[in-house]
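Coordinate inspection notes
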Amino acid sequence: MQEKSSVLPVPLPDDVFLKEKHNSRDVLQIVFNHRWEYDKGPERMFNALKALDSRGVPFKIHVVGQAFRQVPPVYAEMRKVLSKNIGYWGFINSVEEYRLLLRTSDVVLSTAIHDFQGIAVLEAVAAGCVPVVPDRLAYPELFAGHLRYPSLESEPEKEAKALASHLEKIARKKEQGERLIAPDVSGLGWSALRPFYQQWVIKVANG
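Right, let's walk through the structure included here. In this text, all values refer to a predicted model and were calculated from it rather than measured experimentally.

When its volume is computed, the largest pocket comes out at roughly 360 Å³. Along the wall of the largest pocket there are 19 residues; nearest its centre are Asn33, His34, Gly65, Tyr98 and Ala120. For the lining of the largest pocket, the secondary structure elements donating two or more residues are α3 (95-104) and α4 (119-126). Split by residue class, the lining of the largest pocket holds 7 nonpolar, 7 polar and 5 charged. Space inside the second largest pocket adds up to approximately 290 Å³. Contributing to the lining of the second largest pocket are 14 residues, with Val130, His146, Leu147, Ile170 and Lys173 lying nearest its centre. Looking at the lining of the second largest pocket element by element, the count peaks at 4 residues for helix α6 (residues 156-175).

Next up, the structure:
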């Protein structure tokens, strides 16, 4: 069965890709663009950001995922405790406004403990954000080791500290004027994947 199978990634829209990125002179801009549910690890994010703040590292966090009826209470606590660090908060209805946020942010953050391809992260990377992702799920297949922080699923507090250290290094680089460069994910765009989808559809149609 394996030799008869193949995997095609979900393609990214071509209009999400940014040709050229210019880092802002502001503090480190972090975007968390995931569903507001437990499987996205919001407690890990909150603990890491608290640790980052306690180290005196200035940053803005934009939490812009979609919320449902049962929102983990950690979101309300984070908004209160880290109020001075909060930028955008809540779902952004406008695609243009959302894409602008991605293009003006420095880092896209994932603390997920359940994910598939990581589309939200990939869209942000295509728009110029540096990924900060755990060393688990699909991320080892997508990004080099220096873009991943240690995955310590059974030790969330240690993982949060490791994530805070990872973010601090990036923040210091920006403070020193170093350009933050996102990895190339153009191979996952629709223009790049379209021929493979066409080939697959033709094969299926021909039996």
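There's more to say after this.
The subject of this paragraph is the side chain of Asp115. Tracing the sequence through the fold places Asp115 in the loop between β4 (107-109) and α4. What makes Asp115 buried here is its relative accessible area of 17%. Among the polar contacts made by the side chain of Asp115, one reaches the side chain of Lys40 at a distance of 3.4 Å. Side chain to side chain, Asp115 and Tyr139 meet in a polar contact 2.9 Å long.

Attention shifts here to the packing of helix α1 (residues 42-54) against α6. In the contact formed by α1 and α6, the axes pass within 8 Å of each other and the chain directions differ by 50 degrees. When the axis of α1 is compared with that of α6, the two are oblique. With respect to the hand of their crossing, α1 and α6 are arranged in right-handed fashion. Between α1 and α6, the residues in contact are Arg44, Asn47, Ala48, Leu49, Ala51 and Leu52 and Pro156, Glu159, Ala160, Leu163, Ala164, Leu167 and Glu168, respectively.

To continue, consider unusual backbone geometry. What is expected of a backbone is that most residues other than glycine have negative phi and most peptide bonds are trans. Its identity is not glycine, yet Leu137 carries a phi of approximately 60 degrees, on the positive side. Among the structural elements, Leu137 can be located in the loop between β5 (130-134) and α5 (139-142).

Scoring rules and cut-offs
- Residues numbered from 1 in each chain as written.
- Predicted model: local features only at pLDDT ≥ 70, side-chain atom pairs only at ≥ 80, totals over all residues.
- Heavy atoms only, no water.
- 1 Å grid on protein atoms, 1.4 Å probe; cavity = no way out; pocket = protein on both sides within 12 Å on 5 of 7 lines; lining within 4 Å.
- Points joined across faces, edges and corners; volume = space filled by probe spheres on them.
- Helix = DSSP H or I, 4+ residues; strand = E, 2+ residues; numbered from the N terminus.
- Nonpolar A, V, L, I, M, F, W, Y, C, P; charged D, E, K, R; others polar.
- Buried < 20%, exposed > 50% of the residue type's maximum accessible area, 1.4 Å probe, protein only.
- Polar contact = N/O pair within 3.5 Å; in protein donor to acceptor, adjacent residues only side chain to side chain.
- Axes fitted to C-alpha atoms, helices over the stretch in contact; angles between N-to-C directions.
- Parallel < 35°, antiparallel > 145°, perpendicular 65-115°, else oblique.
- Left-handed = near helix turned anticlockwise from the far one by under 90°.
- Contact = heavy atoms within 4.5 Å.

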